[in-house]
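# Summary of structural features
Each chain, written out:
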Amino acid sequence: MKKIFVCLILLLVTLTACTDQKEEKKGYDISQNKWDNETLDNNLRADFEAESVEKAYKYHARLTDLPVDKIKKIFMGWDTSSSMIEKEDTGDGITKWLYTEQGTEIGSNWENTIATTKDYSYYDNCLWADSDAFDVDGKATAKLGTAEELDFLKKKDVEKKVRLMFDELNLGFEVHKITFQTLTAPYLNNLREKAKEDLEKKKDEETENPYVNEDYLKKWKKSEGAYYLTIEFSNADIVISNNGNESDLSDNTYIFSFEAQMIYNQKGCVYLNLPCVIKKEEESAEETKLISVADAVQSLKKDMTSIILTDDNLISEGKLQYLPIGTLSSRDLELLPMWVFKIQKNAETEKAGKKKTITSASYAYVDASTGKVLH
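Please read all numbers here as calculations on a predicted model, not as lab measurements. Along each chain, the written sequence defines residue order, and numbers are assigned to residues from 1. Residues qualify for local features only when their pLDDT is at least 70, as the model is predicted, and side-chain atom pairs are given and counted only at 80 or more; totals for whole chains, interfaces and linings, by contrast, use all residues. With hydrogens and water set aside, each side-chain value is computed from the structure's full complement of heavy atoms.

### Let's talk about the overall build of the protein chain
So the rule is basically this: A helix here means a DSSP run of H or I that spans at least four residues, while a strand means a run of E at least two residues long, and both kinds are numbered starting from the N terminus. Each residue gets one of three labels from its accessible area relative to the maximum for its type: buried under 20%, exposed over 50%, partly exposed in between, using a 1.4 Å probe on protein chains only. Here, residues are in contact when the closest pair of their heavy atoms is within 4.5 Å. Computed by Shrake-Rupley with a 1.4 Å probe, the accessible areas treat only the displayed protein chains as cover when residues are assessed.
Within the protein chain, the secondary structure is distributed over six helices and 19 strands. Within the protein chain, buried positions represent 44% of all 375 residues. A fraction of 69% describes how many contacts in the protein chain between residues 6 or more apart in sequence connect residues 24 or more apart. Summing over all exposed atoms, the protein chain offers an accessible surface of approximately 21,200 Å²; the carbon and sulfur share of this is 48%.

Laid out in structure tokens, this is it:
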């Protein structure tokens with residue numbers, strides 16, 4: 001009996017050792033959620049930390065429009081002039097427009113909702129002159145404006161008011177984060193000079209600048225400074241993706257960007273843009289178990305190394321987010337939990353005998369339910 005007991009212990013030790021060897025051969029720890037500049041493969045590294053999430057919900061959703069009079073009341077209530085509403089048949093649906101005597105224009109259809117004012121026209125005519133302020137998708141970069149706080153308009157007060165506005169609008173999602181970029185009078189006046197120089201240059205060349213109306217190139221006072229706000233949304237504490245405009249996938253579906261941009265000055269909101277408005281169908285909620293971020297990294301690694309990587313690739317971010325996925329021809333969407341990875345690529349180039357590193361960034365998406373990499 002004693003011999004049998006000893007043999008059983010030896011067998012258990014052997015099995016444990018074999019299991020450990022298999023784990024080592026597997027090449028990763030399924031519970032890992034932090035990488036410190038770790039090499040995953042040739043020209044592929046990871047340097048980020050992610051939160052562990054075990055479960056989330058999937059939803060059916062639809063793109064929708066918003067009542068233009070409601071937007072006017074909530075966001076541009078300071079404009080008390082008389083208004084009128086018109087309907088326009090665009091072929092893809094009806095767009096409703098609201099116009100006021102003070103120059104506010106609000107339009108909404110199932111593809112886009114936007115509100116502009118006369119104040120916005122002045123800001124817009126200057127901002128285009130900062131070539132580094134917006135990326136190719138029209139999203140504000142870190143180079144827009146300054147980080148200053150306007151002494152006549154405190155950020156904490158603005159944030160509180162903006163959050164209350166979206167609570168009243170009731171999109172069905174929470175405001176997750178508001179990013180402030182300050183448009184000070186010195187910053188705007190500097191852009192004004194650049195815009196004026198470009199206009200003069202175009203006149204000499206007998207060409208036009210379609211982005212500038214000389215009537216709106218005013219000299220800015222300190223009290224006319226404003227904040228450019230980027231508003232991110234979340235669902236059950238999981239951020240909804242806002243990585244650029246529609247991204248075309250190989251199966252003719254798109255990833256939609258869900259966020260809001262706003263310009264807020266002493267009057268209040270003078271510009272609002274919602275690239276799309278999503279209404280989730282609560283009754284469609286389906287709980288799903290999620291793969292770990294380590295599993296998602298392995299799926300991404302396998303996908304990326306299916307071809308030879310010639311440039312240095314660094315996975316610098318990994319976050320669980322909701323992705324709105326659908327087609328441009330339909331209002332129907334799926335709101336799916338995804339592991340979203342930011343990949344920084346460093347490419348070496350040489351010109352005139354001088355070497356230079358060009359850095360670019362892109363995003364990769366791994367379905368958090370299935371482990372499938374989206375293309």
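On we go from here.
### Describing the pattern of salt bridges
For the record, the criterion: Salt bridges are defined by distance alone: a side-chain nitrogen of Lys or Arg within 4 Å of a carboxyl oxygen of Asp or Glu.
Tallying each qualifying case throughout the model produces ten salt bridges. The shortest N-O distance in the salt bridge between Arg62 and Asp332 comes to 2.8 Å. With a gap of 270 residues between them, Arg62 in strand β3 (residues 55-63) and Asp332 in strand β18 (residues 332-351) connect regions that are remote in the sequence. What makes Asp332 partly exposed here is its relative accessible area of 42%.

### Some thoughts on the packing of aromatic side chains
For clarity, the cut-off: Between 30 and 60 degrees the pair is tilted, below 30 it is stacked and above 60 it is edge-to-face, where a pair is any two Phe, Tyr or Trp rings, Trp via its six-membered ring, whose centres lie within 6.5 Å.
Counted under the stated rule, the structure contains 14 aromatic pairs. Look at Phe48 and Phe341: their rings are 6.0 Å apart centre to centre, the planes differ by 70°, and that puts the pair in the edge-to-face class. Of this pair, Phe48 sits in strand β2 (residues 44-49) while Phe341 sits in strand β18, placing them 293 residues apart in sequence. Taken individually, Phe48 and Phe341 each receive the classification buried, so the pair is uniform in this respect. Ring-pair connections join several aromatic residues into one group, and the members of that group are Phe75, Phe166, Phe173, Phe233 and Phe258.

### Side note on the packing of helix α2 (residues 68-75) against helix α4 (residues 155-169)
If you want to describe how two helices pack, look at the angle between their axes and the distance between the axes. Cut-off, in case you're wondering: Under this scheme, a helix contributes an axis fitted over its contacting stretch, all axes are lines through C-alpha atoms, and angles between N-to-C directions fall in the 0 to 180 degree range. If an angle is under 35 degrees, it is roughly parallel; if it is over 145, roughly antiparallel; if it lies from 65 to 115, roughly perpendicular; otherwise it is oblique. Put simply, a crossing is left-handed when the front helix is turned counterclockwise from the back one by less than a right angle, and right-handed when it is turned clockwise.
Contact geometry of α2 with α4 gives a least axis separation of 10 Å together with a crossing angle of 155°. Relative to α4, α2 is oriented roughly antiparallel. In the packing of α2 onto α4, the handedness of the crossing is right-handed. Of the residues in α4, those in contact with Lys70, Lys73, Ile74 and Phe75 of α2 are Met165, Phe166, Glu168 and Leu169.

### Considering unusual backbone geometry
Although it is not a glycine, Asn37 sits at a positive phi angle of roughly 50°. Looking at the element boundaries, Asn37 is found in strand β1 (residues 34-41). According to the relative accessible area criterion, Asn37 is partly exposed, its value standing at 42%. With a phi close to 70°, Asp237 is a non-glycine residue in the positive phi region. Along the chain, Asp237 turns up in the loop between β9 (226-235) and β10 (238-239). On the basis of relative accessible area, Asp237 is assigned to the exposed category, the value being 73%.

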